[in-house]
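Results of the structural survey
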Amino acid sequence: MATWNHILLIDSNSPLMEQLNFFHDHTLLIITLITILVGYNMLSLLTNSFINRFLLHGQLIEIIWTILPAIILLFIAFPSLRLLYLLDETNKPSLTLKSIGHQWYWSYEYSDFKNIEFDSYMIPSAELNEGDFRLLDVDNRIVLPNHTQIRLIATATDVIHSWTVPSLGVKIDATPGRLNQTNFYMNRSGLFFGQCS
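Thresholds, definitions, all that
- Residues numbered from 1 in each chain as written.
- Predicted model: local features only at pLDDT ≥ 70, side-chain atom pairs only at ≥ 80, totals over all residues.
- Heavy atoms only, no water.
- UniProt positions renumbered as here; feature names shortened; annotations may be inferred.
- Phe/Tyr/Trp six-rings, centres within 6.5 Å; stacked < 30°, edge-to-face > 60°.
- Helix = DSSP H or I, 4+ residues; strand = E, 2+ residues; numbered from the N terminus.
- Buried < 20%, exposed > 50% of the residue type's maximum accessible area, 1.4 Å probe, protein only.

For the protein chain, an unreviewed UniProt entry supplies the name Cytochrome c oxidase subunit 2 and the organism Forcipomyia taiwana. Per UniProt, the comment on the protein chain under Subcellular location (unreviewed entry) is "Mitochondrion inner membrane".

1. A closer look at the packing of aromatic side chains
Two aromatic rings are characterised by how far apart their centres lie and by the angle between their planes. As enumerated under the stated definition, the model contains five aromatic pairs in all. Their ring planes at 80° and their centres at 5.2 Å tell us that Phe133 and Phe193 sit as a pair that is edge-to-face. Taken together, the residues span a long stretch of sequence, with Phe133 in the loop between strand 3 (116-121) and strand 4 (149-156) and Phe193 in the loop between strand 7 (180-185) and strand 8 (195-196) at a distance of 60 residues. Centre to centre, the rings of Trp163 and Phe184 are 6.2 Å apart; their planes meet at 25°, and the pair counts as stacked. Remark: Phe184 occurs in strand 7 and Trp163 occurs in strand 5 (residues 161-165); sequence separation between them is 21 residues. In this pair, the class of Trp163 matches that of Phe184, namely buried. Cluster of aromatic residues (ring-pair linked, three or more members): Tyr108, Tyr110 and Phe118.

Now the structure itself:
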């Protein structure tokens, strides 16, 4: 869980979140290199009093600074598209969890066996125990197995909600009258907090 002085992304708990972290680092490296190059060029222009008359009208330099950003965008676009397809791919799930969004609480159904259904309400601030997290802790938590492909089906009853667990890299919209699905795989067990965003 993120704290007030947390700078980087949350530690990943799923292979998809690890890929999202790698893509973040990849894109940040490219942006850093671009910023250093542009900063160096601007500093060079400010401190250099010489002028090159062939630099002002040159077809070769215009071709270079048109093609080079396109190539850089491809280095960002291809990993991004690969990751989008990985996030949308649904493998053979071993467990299905249905999540129904209501205002201020969620209803869950384990429909694979014995129709287990329950509501999950946030614990009011006045009833929190020592060490509980305000606006994150609930009275009934979801229990899910790790090392298992899990399918999440989300819908809502009143308004649009968004079921999110950042450490799993899962965010899905719950829309009234529509079923959306996503999948995730947990690498290790633990207590993971999500929020409606």
